[in-house]
Every structure is written in C-alpha cells, then in structure tokens.
Amino acid sequence: AGLLDGGGRELQQVRSEAFLAGARPVDPRALPVPVRTHRQRVANRLNRALVLHGKAIRRGVMVAVLVAAGFGLYQAREPIGGLVSTLGGIAQGEFAEAGLAIGEISISGQALTSEQAIFDALGIQPNTSTLGFDVEAARRRIAELPAIDTVSVRKTFPGDVAVVVTEKVPVARWRVDGVTFVIDARGEQIGEDRGAYGDLPLVIGDGAADDALVMIRALDTVPGLAEGLVALSRIADRRWDLIYDTGLRVQLPEHGVAQALRRLAGYQSDYRLLDRDVSIIDLRVDNLVAVRPTPSEDTDPT
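Reading guide: rules and limits
- Residues numbered from 1 in each chain as written.
- Predicted model: local features only at pLDDT ≥ 70, side-chain atom pairs only at ≥ 80, totals over all residues.
- Heavy atoms only, no water.
- Axes fitted to C-alpha atoms, helices over the stretch in contact; angles between N-to-C directions.
- Helix = DSSP H or I, 4+ residues; strand = E, 2+ residues; numbered from the N terminus.
- Parallel < 35°, antiparallel > 145°, perpendicular 65-115°, else oblique.
- Left-handed = near helix turned anticlockwise from the far one by under 90°.
- Contact = heavy atoms within 4.5 Å.
- Nonpolar A, V, L, I, M, F, W, Y, C, P; charged D, E, K, R; others polar.
- Pairing = 2+ DSSP bridges.
- Salt bridge = Lys/Arg side-chain N within 4 Å of Asp/Glu carboxyl O.
- Buried < 20%, exposed > 50% of the residue type's maximum accessible area, 1.4 Å probe, protein only.
- Polar contact = N/O pair within 3.5 Å; in protein donor to acceptor, adjacent residues only side chain to side chain.
- Arc of directions from axis to C-beta.

1. Quick word on the packing of helix α4 (residues 115-122) against helix α5 (residues 135-143)
Piece 1. Two numbers describe how α4 lies on α5: the axes approach to 8 Å, and their chain directions differ by 140°. Classified by the angle between their axes, α4 and α5 sit oblique to one another. Between α4 and α5 lies a crossing whose hand is right-handed. Residue-level inspection shows I118, A121 and L122 of α4 in contact with α5, the latter providing A138, R141 and I142.
Piece 2. Of the residues assigned to the contact of α4 with α5, the class counts are five nonpolar, no polar and one charged.

2. Here we look at the sheet that holds strand β6 (residues 172-176)
Piece 1. Spatial ordering of the open sheet is given by β8-β7-β6-β9-β10-β11-β12-β13-β14, a layout of nine strands whose pairing is mixed. Of all the strands in the sheet, the pair left with one neighbour each is β8 (189-192) and β14 (290-293). For this sheet, the mean inter-axis angle between neighbouring strands, taken without regard to orientation, is 25°.
Piece 2. Strand direction decides the pairing type here: strand β7 (residues 179-183) and β8, joined by three bridges, are antiparallel. When the sheet's bridge partners are listed, F181 is paired in β8 with E192.

3. Here we look at the pattern of salt bridges
Piece 1. Per the counting criterion, the structure on display carries 13 salt bridges.
Piece 2. E136 is the salt-bridge partner of R140, the closest N and O atoms lying 3.7 Å from each other. Taken together, the residues R140 and E136, both in helix α5 and four residues apart, mark about one turn of the helix.
Piece 3. Classification of E136 as partly exposed rests on a relative accessible area of 36%.
Piece 4. For R186, the salt bridge identified is with E188, shortest N-O distance 3.7 Å.
Piece 5. For R186, a relative accessible area of 65% translates into the label exposed.

4. As for the side chain of D241
Piece 1. Structurally, D241 can be placed in strand β11 (residues 239-244).
Piece 2. Within the structure, the side chain of D241 is placed 2.5 Å from the side chain of R239, a separation counted as a polar contact.
Piece 3. A polar side-chain atom of D241 sits 2.9 Å from a polar atom in the side chain of R249.
Piece 4. For D241, the residues in contact, after removing those within four places along its chain, are A231, L232, S233, I235, R249, V250, Q251 and L252.

5. Observations concerning α5
Piece 1. Of all the residues in α5, the buried ones are A137, A138 and I142. The buried residues of α5 all sit within an arc of 135° when viewed along its axis, so they share a single face.
Piece 2. Packed against the buried residues of α5 are α4, β4 (148-156) and β5 (160-167).
Piece 3. Near the N-terminus of α5, the side chain that reaches the backbone nitrogen of E136, with its oxygen 3.3 Å away, is that of D134.

Written out as structure tokens, the structure reads:
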C-alpha cells in the first residue's frame, strides 16, 4: 500500500528492511568535513542573531533610520525654507501679474497715528496679491500701535484694502525731557503733541502721567480755578503744584487735594487771592494758607 501526497499522487513507502539491506558501516571520522567560506560563516552568524534577537535588531534599525532622517531634514532646513519662500514668491508674482495685485489702500480714522506707521504695519510689498494678503495678521500688527483702540482691515477684489481705525481718547499732555506727549486715561503715551492738542491740560514731572486723570477730574469740580492755569506740576511723585501764567505757584498737599482746591476756590471768590501780587500760595497745611509776595524789582536781594 502507498501513501498519497497533498496533490493526490502516491508516494512509495520504503521499508526499513530494504533500506538496511544495502547499508554498510562507515567510520564517521572518515566522512568529509565541508569547508565554509567567510561569507557563509558571516551569514550563519547573522541568521543566528536574527533568530535569537530579531525583535531588538529590528527596533534598533528603525530608531537609526528615524535619527538619520531627522538629521537629514535638519541639515536641509535652509534649502527647504528657501525653496518654500521662492515658491511663495513665484505664486505671489503670478497672482499679481494676473490682476490680483494690491493697488489702492485707504486709511481712515487716524489722527495721532501716522499713515506711514499703519502702512508699515500692513506689511504690503509691491508683489503682494490680494489672495496672499493676511488680513488678520495685519489687523493684529496695527492694533499694537500705541494710539490704536480698535481697527478693522478689509480687502475687496480685485486689489483694494481698506483700513478703519479708532484711536484712544487723549486726556492730557505730558511734558518730559523737553518732549510733550499725548496720554490717555491710563497715563500711557499714545503720540506726540505737535500743536494740535493745546486745549488739553499740561502735566509735567516724573510720574505726572500716572495720576493726571485724577487731578484733572478734581480740578473739574472747581472750574473757577482754571482761568490762567498753564500746567500741573508733579512734585517728587507725591503731590501737585498749580502753575499759572502769571508765574504764581499754588502748592497743594499730598493728601486732601479736593478739600484744598475747594478752600482755594473760596479764597478766590472772597478775596481774589489768585489775582494778588504773590508768587506762592502754600496750602500744604490743613486749615492754613501761607503766601509769598512777589519780589519787587527794586528790592535788594541781600
């Protein structure tokens, strides 16, 4: 009887008796020893390592490949960046040549902020197209300008950009180091005074900008003291002096400023004290007023 293989073919069964009938004894030491080449020995060692440590070897190879790829990308970062920039420029130029270049830029609402400052913040170059112009990025840059309160940037095809700004409200002028700035209610510089804000109160001295609004509001309660007032001087960042166009200086206390101003308004109403021939009115002591007469020209200073 025979056996069938997977394809249905009959396999011949060899009996052990028939196999042993033709056998003859052989000394194993007389058998030839195969000579393996260096390449075969290396291949055998490699196969042995793959069988025993295949998972760790594959993991190490993967890590090495990733490290090599990362290093290659790092080395090529500048050429790749240059290529991307070049392609972007080519695309911009093509859009611009296709009639989508930004042509007209309108800016409105600014007084303290120069048009040039807004234009620079827009970041528009000669080859910038309407499609490539980032409206939100331009809006954020303009909003960072000192005097800007709100801003809207809008682009309309094929090539117009409109900028509308609202600026912070100036409340006073602050003179420091020979330069006069315009400040907002928080005391922040929002521009230089180039003569257009002469009707705003002038404050001078270190720290004057920080407390200007409080002092201005206190003066608004006594409008009779505003005539001839040219400046509010901050002294040692602690208190205020009122300076009038006649050269008169009114020294106010560090605390109780509102009460001192009401007292001064009463003295002016009853005695016309601000119109007297005095150079200093000292109100720094509560319930006490001290005055210094204006020195006459023929008075001997000695």
